[in-house]
2 protein chains.
Amino acid sequence: MFVKVDFVGGEGMRVTQPRTVKRQARGRQRIADILDAALALFAENGYERTSTNAIAARAGMSPGSLYQFFPNKEAIADALSTHLVEQMRDAHSSAFDLARVTDLTLHELIDRMVDPLIAFNATHPGAKALLANTDMPAGAQGAARPLHEAVVDRVAAIIQARVPTLPATERDLAAMVSVRIVAAMMPPIVAAEGAERRALTAELKKALYGYLAPLDPDGS
Amino acid sequence: MFVKVDFVGGEGMRVTQPRTVKRQARGRQRIADILDAALALFAENGYERTSTNAIAARAGMSPGSLYQFFPNKEAIADALSTHLVEQMRDAHSSAFDLARVTDLTLHELIDRMVDPLIAFNATHPGAKALLANTDMPAGAQGAARPLHEAVVDRVAAIIQARVPTLPATERDLAAMVSVRIVAAMMPPIVAAEGAERRALTAELKKALYGYLAPLDPDGS
DNA sequence: GACGAACACGAGTGATCGCTCGTATTGTGC
DNA sequence: GCACAATACGAGCGATCACTCGTGTTCGTC
């Protein structure tokens, strides 16, 4: 499931291990196992309450083996969040890039942006929860910041395309609020299934429409 | 600042100390000191990363003294969240109870409900953050659940008063979404000051109005 | 002023945790 | 098949933490 990650440490890291290690297929698989185990355990019990020995055990290896792939516990969290953020960014770009936004009605535009996001978050439960979790180390949380900023920027760009006359300040504000509304509704949507999820999704879209319609030329 | 709390333990508690202790004025003050110190440290470093010895030190006492007032670390978190929830509930009721809601315009209604909430959260920074924090023990988080449900219920009641024809399902959904929108905007509003806070507050109200107006008789 | 309860202290205890290290096995390049 | 890197193991080290306990001090009450 996971693949990359060769720890070539950040700034303040004391690297006991060699800078770069030529991973064999076996090693890459082990890294994936560690990240899978860590994701599950972090989501279950939180970062602090999860011991590295427990991660190693869940990944089917000894503590010593785990530390052949990661220099410390924090590096596991960082690698995990980096990986999650990458996947989320991919999902986001597929949601944002397509189509000339000016040709769509506001309803259509909202559909095109919201639906893929919900699909991604639904298939990756725990991803958002982990990145938003305050007990994760600073590095793991910080990894999500650029993503959030990028998302807000893109929404702002779309708003500008549709309403070029809107002052920059108001436009950025509207983008931020829109993103926050989506984020606020995501947990219950992901937790729900079937008809309930559809109902919640429809409600989210109503909220977005109600907020954005007064700004939009399409808003009747 | 804080006062009550005599630990007469919940269900599964092993109480080494006597069930009830007659607190002297000195003791009540010490309890307040402990809760103040814990609130600050939990907000700074999170629950897990805060040691009981550190709480005692910040409160100006020895670890032994701390444990004369609380049976364990979790009890401190519980007492803290219970206290916070009580204060928030008071602030909420003053926001909800007054005035016959049917006599107000939707704009006025939103003002009357949102402004006191913002005022409370602004003067109690960290309160909401603590209660929403996932690394707090289950008991401390659970304490906020009844409050949230009560708030949603009250909003639902207000919606029903204004739009009696709305089906119960839709009404409850609208209440939940409204509360989530408010909660989502609260952190940046609390973090901001002056003009910025006012701008964010206005934006929150716009979002609420846009979402609720289609349901409301006043909405046009 | 005496007596018990509440309050206060802080060194210490047992358990846990992140991480190491010495050693043994497996894979790769030649 | 040899040499070396990569992988693997798990007992255990040092540090930290929640909490205890023995002892001493202050308060309320009569």
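Refer to the structure presented above.
All values derive from a computational prediction rather than experimental measurement. (Residues numbered from 1 in each chain as written. Chains lettered and ligands numbered in written order. Predicted model: local features only at pLDDT ≥ 70, side-chain atom pairs only at ≥ 80, totals over all residues. Heavy atoms only, no water.)

*Asks:* What should I look at first to understand the protein's contact with DNA strand D in this one?
*Replies:* Close to DNA strand D lie 25 residues; R23(A), G64(A), S65(A), T52(B) and K73(B) are nearest. Backbone sugar and phosphate groups make up 63% of those atoms of DNA strand D lying within 4 Å of the protein. A distance of 3.3 Å separates a base nitrogen of DNA strand D from a polar side-chain atom of S62(A). Those elements giving two or more residues to the surface near DNA strand D turn out to be helix 1 (25-45) and helix 3 (63-66) of chain A together with helix 2 (52-58) and helix 3 (63-66) of chain B. Grouping the amino acids of the surface near DNA strand D by side-chain chemistry returns six nonpolar, 13 polar and six charged. (Near = heavy atom within 4 Å. Polar contact = N/O pair within 3.5 Å; in protein donor to acceptor, adjacent residues only side chain to side chain. Helix = DSSP H or I, 4+ residues; strand = E, 2+ residues; numbered from the N terminus. Nonpolar A, V, L, I, M, F, W, Y, C, P; charged D, E, K, R; others polar.)

*Asks:* Sorry if this is basic, but what is going on with the side chain of N133(B) here?
*Replies:* By secondary structure assignment, the location of N133(B) is in the loop between helix 6 (127-132) and helix 7 (138-142). Taking the relative accessible area as the measure of exposure, N133(B) reaches 10% and is therefore buried. If sequence neighbours within four positions are ignored, N133(B) has contacts with T134(A) and Q141(B). (Buried < 20%, exposed > 50% of the residue type's maximum accessible area, 1.4 Å probe, protein only. Contact = heavy atoms within 4.5 Å.)

*Asks:* Whenever I open this one, the packing of helix 5 (residues 106-123) of chain B against helix 10 (residues 194-212) of chain B confuses me. Can you help?
*Replies:* When two helices pack together, you describe them by how their axes are tilted relative to each other and by the distance separating the axes. All names here are of chain B. Across the interface, helix 5 lies against helix 10 with an axial gap of 10 Å and an inter-helix angle of 135°. If you check the angle between helix 5 and helix 10, you find them oblique. Here the hand of the crossing between helix 5 and helix 10 comes out right-handed. When helix 5 is examined against helix 10, the residues L106, H107, I110, D111, V114, D115, I118 and A122 are found in contact with a partner set consisting of R197, T201, L204, K205, L208, Y209 and L212. Of the residues contributing to the contact of helix 5 with helix 10, the split by class is nine nonpolar, two polar and four charged. (Axes fitted to C-alpha atoms, helices over the stretch in contact; angles between N-to-C directions. Parallel < 35°, antiparallel > 145°, perpendicular 65-115°, else oblique. Left-handed = near helix turned anticlockwise from the far one by under 90°.)

*Asks:* So what exactly am I meant to see when it comes to helix 10 (residues 194-212) of chain A here?
*Replies:* For an α-helix the count is 3.6 residues per turn, leaving residues at separations of three or four pointing the same way. Taking 1.5 Å of rise per residue, 19 residues should cover 27 Å, and helix 10 of chain A covers 27 Å from first to last C-alpha, within 8% of that figure. When we look at burial in helix 10 of chain A, the residues that qualify are L200(A), T201(A), E203(A), L204(A), K205(A), A207(A), L208(A), Y209(A), G210(A), Y211(A) and L212(A). In this structure, the buried side of helix 10 of chain A is in contact with helix 5 (106-123) and helix 9 (168-191) of chain A together with helix 9 (168-191) and helix 10 of chain B. (Expected span 1.5 Å × (residues − 1).)

*Asks:* Just to check I follow, could you spell out the environment of K128(A) for this structure?
*Replies:* All names here are of chain A. Relative to the elements of secondary structure, K128 occurs in helix 6 (residues 127-132). Judged by its relative accessible area of 29%, K128 falls in the partly exposed class. Each C-alpha atom of the pair K128 and P187 lies 8.7 Å from the other, and the pair is 59 residues apart in sequence. When neighbours within four sequence positions are excluded, K128 is seen to be in contact with M88, N121 and M186.

*Asks:* Before we go on, may I ask you to explain the packing of aromatic side chains in this structure?
*Replies:* Aromatic ring pairs are described here by two measures, namely the spacing of the ring centres and the angle between the planes. Residues and elements named next belong to chain A. For the structure on display, the rule yields two aromatic pairs over all chains. Taking the centre distance of 5.3 Å and the plane angle of 55° together, the rings of F42 and Y47 count as tilted. For Y47, a relative accessible area of 7% corresponds to the buried category. The ring of Y47 has K73 sitting right over it, with the charged end atom 4.5 Å from the ring centre. (Phe/Tyr/Trp six-rings, centres within 6.5 Å; stacked < 30°, edge-to-face > 60°. Lys NZ or Arg CZ within 6 Å of the ring centre and 35° of its normal.)

*Asks:* How do you make sense of helix 9 of chain B when you look at a structure like this?
*Replies:* In this model, helix 9 of chain B (24 residues) spans 36 Å end to end at C-alpha, consistent with the 34 Å of a helix rising 1.5 Å per residue. Along helix 9 of chain B, the sharpest kink reaches roughly 35°, centred on M185(B) and followed within four residues by the proline P187(B). (Bend = angle between axes of the 7 residues up to and from the residue.)

*Asks:* Explanation requested: the pattern of salt bridges in the structure shown.
*Replies:* When the charged atoms of two side chains with opposite charge come close together, those side chains can pair. All names here are of chain A. Enumeration according to the criterion identifies 14 salt bridges over all chains in this entry. One salt bridge in this structure joins D216 and R162, with 2.7 Å as the shortest N-O distance. In this pair, D216 sits in the segment after helix 10 while R162 sits in helix 8 (residues 144-162), placing the two residues 54 residues apart along the sequence. The residues D216 and R162 share a single accessibility class, namely buried. Where salt bridges share partners, they join D111, D115 and K205 into one cluster. (Salt bridge = Lys/Arg side-chain N within 4 Å of Asp/Glu carboxyl O.)

*Asks:* Would you take a moment to explain the interface of chain A and chain B for this structure?
*Replies:* It is common to report an interface's size as the accessible area lost on association of the parts. Taken residue by residue, the interface counts 23 residues in chain A and 23 residues in chain B. Of the roughly 2000 Å² buried between chain A and chain B on both sides combined, carbon and sulfur atoms contribute 62%. Broken down residue by residue, the surface that chain A buries against chain B is led by R49(A), R180(A) and E203(A), which jointly contribute 24%. Linking chain A with chain B are two salt bridges, by the criterion used here. Between E48(B) and R49(A) there is a salt bridge whose closest N-O contact spans 2.2 Å. Our count for the contact surface shared by chain A and chain B stands at ten residue pairs in polar contact (both at pLDDT 80 or more). When residues of the side of chain A that touches chain B are traced back to their parent elements, those giving at least two are helix 9 and helix 10 of chain A. The leading source of residues in the side of chain A that touches chain B is helix 9 of chain A, at ten residues. Considering only residue class, the side of chain A that touches chain B consists of 14 nonpolar, three polar and six charged. (Buried area = accessible area lost by both parts, 1.4 Å probe.)

*Asks:* I'm lost on the protein's contact with DNA strand C in this one. Help?
*Replies:* DNA strand C sits among 25 residues. The nearest are T52(A), K73(A), R23(B), G64(B) and Q68(B). When atoms of DNA strand C within 4 Å of the protein are split into backbone and base, the sugar-phosphate part holds 63%. In the environment of DNA strand C, a phosphate oxygen lies 2.6 Å from a nitrogen or oxygen atom belonging to the side chain of R23(B). Here S65(B) contributes a side-chain N or O atom positioned 3.3 Å from a phosphate oxygen of DNA strand C. For the surface near DNA strand C, the secondary structure elements donating two or more residues are helix 2 (52-58) and helix 3 of chain A together with helix 1 (25-45) and helix 3 of chain B. Here the surface near DNA strand C is composed, by residue class, of six nonpolar, 13 polar and six charged.

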